[in-house]
Structure formats: C-alpha cells, structure tokens
Amino acid sequence: MSRTHGLPELNYIVFSGTVTQKDSLFWSKYNMHVIRFRVENTVSSMEPSSDRKRVYELAVEAWGGLAEDIDRTVATGSSVLVEGSLVSRAYVDRKKEEHHKMIVKASSVKILDVRS
Amino acid sequence: MDIRMPSINKVIITGNLVRDPDTRILENGTHMAKMSIANNQRFRGRDGTWQEKTCFVTVVAWRKTAELISEYCRKGSPVLIEGELTYNAWEDRDGNQRSRVEINARRVQFLERREQDSYQERPSSGKSSGGDNHDSDEPEPDISSIPDDDIPF
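Along each chain, residues carry numbers from 1 onward, in the same order as the chain's sequence is written. Chains carry letters from A onward and ligands carry numbers from 1 onward, assigned in written order. In keeping with the model being predicted, local features are shown solely for residues with a pLDDT of at least 70 and side-chain atom pairs are shown and tallied solely at 80 or more, while totals for entire chains, interfaces and linings include all residues. Note that the side-chain values use all heavy atoms of the structure and ignore hydrogens as well as water.

### Quick word on helix α1 (residues 63–72) of chain B
Residue and element names in this part refer to chain B. Selection rule: When a residue's accessible area, from a 1.4 Å probe over protein chains only, is under 20% of the maximum for its type it is buried; when over 50% it is exposed; and in between it is partly exposed. Numbering of helices and strands runs from the N terminus; a helix is a DSSP stretch of H or I covering at least four residues, while a strand is a stretch of E covering at least two. The directions from the helix axis to the C-beta atoms are what the arc is built from. Throughout, a residue-residue contact means that at least one pair of heavy atoms, one from each residue, lies within 4.5 Å.
The complete set of buried residues in α1 reads Thr65, Ala66, Leu68 and Ile69. Angular distribution of buried residues about the axis of α1 spans 165°; they occupy a single face of the element. Buried residues belonging to α1 abut β2 (22–25), β3 (31–44), β4 (50–62) and β6 (97–110).

### Things to note about the confidence of the model for chain B
Residues and elements named next belong to chain B. Operational definition: The predictor rates its confidence in each residue with pLDDT, a number between 0 and 100.
Residues with a pLDDT of 70 or more make up 74% of chain B, whose mean pLDDT is 77. Here residues 118–153 is modelled with pLDDT under 50, and outside its nearest four sequence neighbours on either side it reaches 68 contacts, counting other chains as well. Under the prediction, the complex receives an ipTM of 0.79, its pTM being 0.76.

### Things to note about the interface of chain B and chain A
As a measure of interface size, the accessible area lost when the parts come together is often cited. Note the threshold: What gets called buried area is simply the loss in accessible area from a 1.4 Å probe that two parts show on being joined, summed for both. Salt bridge, as used here, is a side-chain nitrogen of Lys or Arg placed within 4 Å of a carboxyl oxygen of Asp or Glu. Between N or O atoms, a polar contact is any pair within 3.5 Å; within protein, one atom must be a potential hydrogen donor and the other a potential acceptor, and residues adjacent in sequence are included only when both atoms are from side chains.
In this complex, chain B contributes 41 residues to the contact, which on the side of chain A involves 34 residues. For the pair chain B and chain A, the summed buried area comes to about 3100 Å², and 55% of that belongs to carbon and sulfur atoms. Linking chain B with chain A are 1 salt bridge, by the criterion used here. Residue Asp94 of chain B is joined to Lys95 of chain A by a salt bridge in which the shortest nitrogen-to-oxygen separation is 3.0 Å. Our count for the contact surface shared by chain B and chain A stands at 11 residue pairs in polar contact (both at pLDDT 80 or more). Elements represented by at least two residues in the side of chain B that touches chain A include exactly β1 (9–17), β3, β4, β5 (78–91) and β6 of chain B. At 8 residues, the largest contribution of residues to the side of chain B that touches chain A is made by β1 of chain B.

### Observations concerning the pattern of salt bridges
With the rule as written, the count across this model stands at 10 salt bridges over all chains. A salt bridge links Arg72 of chain A to Asp69 of chain A; its shortest N-O distance comes to 2.5 Å. One end of the pair, Arg72 of chain A, and the other, Asp69 of chain A, are both in helix α1 (residues 64–73), 3 residues apart, so they sit about a helical turn from each other. Using a relative accessible area of 35% as the deciding quantity, one classes Asp69 of chain A as partly exposed. Here Lys34 of chain B makes a salt bridge to Glu102 of chain B, at a shortest N to O gap of 3.9 Å. In this pair, Lys34 of chain B sits in strand β3 while Glu102 of chain B sits in strand β6, placing the two residues 68 residues apart along the sequence.

### Side note on the nonpolar core
Operational definition: Among buried residues, the Ala, Val, Leu, Ile, Met, Phe, Trp, Tyr and Cys ones that are joined through side-chain atoms within 4.5 Å form a nonpolar core.
Within the largest apolar cluster, 42 residues are counted, with the highest numbers of intra-cluster contacts made by Val82 and Leu86 of chain A together with Ile81, Leu85 and Ile103 of chain B. No other element matches the 5 residues that β6 of chain B contributes to this core. Once you skip the residues sitting within four places of it in the chain, Ile81 of chain B turns out to touch Val11, Ile12, Ile13, Met35, Ile37, Val59, Ile103, Ala105, Arg107 and Val108 of chain B.

### Notes on the state of the cysteines
Residues and elements named next belong to chain B. Which entries qualify depends on this criterion: Any two cysteine sulfur atoms within 2.5 Å of one another count as a disulfide.
Here the structure, examined in full by the defined rule, presents 0 disulfides over all chains. Free of any disulfide, Cys55 has its nearest neighbouring cysteine sulfur in Cys73, separated by 18 Å. A relative accessible area of 4% places Cys55 in the buried class.

### A closer look at the side chain of Ser28 of chain A
Residue and element names in this part refer to chain A. Turning to its location among the elements, Ser28 is positioned in the loop between β2 (26–27) and β3 (33–44). Taking relative accessible area as the criterion, Ser28 reaches 12% and is therefore assigned buried. What Ser28 contacts, discounting residues up to four positions off in sequence, is Val34 and Trp63.

### Comments concerning a nonpolar patch on the surface
The line we're drawing: Each patch is built from residues that are more than 30% exposed by relative accessible area and take part in no salt bridge. Like charges join if they lie within 9 Å; nonpolar side chains (Val, Leu, Ile, Met, Phe, Trp, Tyr) join within 5 Å. Methods summary: accessible areas were calculated by the Shrake-Rupley approach with a probe of 1.4 Å, and residue burial reflects only the protein chains presented.
A contiguous nonpolar surface patch, about 220 Å² in accessible area, is contributed by Leu10 and Tyr12 of chain A together with Ile12 of chain B. Inspection of the secondary structure puts Leu10 of chain A in the segment before β1 (11–22). Relative accessible area serves as the criterion here: at 35%, Leu10 of chain A is assigned to the partly exposed category.

### Regarding the packing of aromatic side chains
Condition: The rule is short: rings of Phe, Tyr and Trp, with Trp giving its six-membered ring, pair when the centres are within 6.5 Å, and they are stacked under 30 degrees, edge-to-face over 60, tilted in between.
This model, assessed by the stated rule, comprises 2 aromatic pairs over all chains. With 6.2 Å between their ring centres and 40° between their planes, Tyr30 of chain A and Trp63 of chain A make a pair best called tilted. Of this pair, Tyr30 of chain A sits in the loop between β2 and β3 while Trp63 of chain A sits in strand β4 (residues 53–63), and the two are 33 residues apart along the sequence. Its relative accessible area of 38% is what places Tyr30 of chain A among the partly exposed residues. Looking at Trp63 of chain A, the relative accessible area reads 23%, which means it is partly exposed. Each ring, one from Tyr72 of chain B and one from Phe110 of chain B, has its centre 6.1 Å from the other, and the planes form 50°; the classification is tilted.

Written out as structure tokens, the structure is:
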C-alpha cells in the first residue's frame, strides 16, 4: 500500500430521513440508469420533553444498479438511511449568473421501515 | 412500545479553503465563521486517465471553533470538517426563493503541517469535541487542532 502525503480525499455523508419525492428512472448519457429523489431529515431536540425540531430536505442521486434497486424498492414515504458523498453541480440561471447546487450522490441506501 | 426512527446526519469532508474565512461577531457576542472549501476527488475516467472533480461546500462554525478558524485558517488551508448537513431557505431581494445546503461544523482539524511537525508528529487526538448536542450549536474545538504555542504550560 502506497503512502500518500497529500490531503486525504475524504467526502462522506450518512443521514436518515423520509423520502418526500422520487423521480422516474432515466438513462444518463453514460448509458447508466439514474434516479433522483429527495429525503427529509428531521433533527429532534436531545431533550425528550422538547418539541424543538429542525427539518432539512436533501436532493439525492443514485446511479447504476443502485438506482434500479431504489426504483423497485423505495417509495415516497419510505424511511431510508443514505450513505454517499457530497457533489456540487454548477448551473447558469436565466440571468446568466452561475450558481452551485449541492446534492448527495448515494453509494448505499437502506430502507429503515419496519416490516410487519 | 413505539419505536421512533433514528435521526442520523453526519458529514466528514476534507478540503482547502477557497478564500479567507468570513468571520464576524453577532450582536449577542457569538463568534461565527463561514468558509468555502474545495474538496477534490480523483477518479479514473472512461479513457483510463485520471480526472479530478471539485466539490465546493460552504461550512459554518460557531463560537470557539469560529475563533480558531479566524486565527489559523487562510485561503488554501487544508482542513477536515466533521459536522452535519443543514439546509437554509430564504427569499432574496427580488423575492425569489433561494436555498443552500451547507455544513454546520462540529469539529474542525487544521491539517497544515508546521515546521516542528516534520520531526515530531502531533499526538493523534481521538478525542471527541463533545459537539454532538444538536441543539447547542456550540462545538468545542478539536484539541489536536490547537497549536502547541497556545497551550499555557
């Protein structure tokens, strides 16, 4: 194993939440299936008596076999655990200003719903 | 017994500061630092050549961590961030809905190697900043990230 002295390339995210939106599977220009969905993550207060909550919605993208699995098994309303990396995408708006949008590129998605 | 779904939200990312951090003190005296980091990922392209993709991430830190960032981080500084992903939505001057995903830093490690580190490795921290309280917004600084000069003994 070689030893590197540069900055380690770490980019890891794991979060859980509820799928609020799932788009249709489509083919990318690389001839791979892609699926996009949104996950709402709710952070509750540490104190059980508190009602304080913060809600975040994150855009997630999956490719290849994982995208196909998600298309088959994940539905809107499913509770999921997503692992992946942060990816920023640049786009130009109508005023021709450049913006960056951040998404999560999933490497693993587990369904957390309790099976009866 | 009803089981509540666990809430997990963790990010670990390295990168270099794109510009000097933007630091300020809020009206209530709280220190805040905002910085943009560039995370480079190398991968082998379809033609077999190495390619690089850059992910630009906005990171926000509070209190002591913000003070340390202000003191030790500059454009180009390499850092490791541990925190949680947050999502901010607001309305701009033109009334358009805008949103941004950013990292709320709980722990920051400054990865720049100083001269004395070349003959003496810094001790590995392995110590938690204890910043897992999602409501405090008050991450403690990583002990290993404080330069030795600042330790008063």
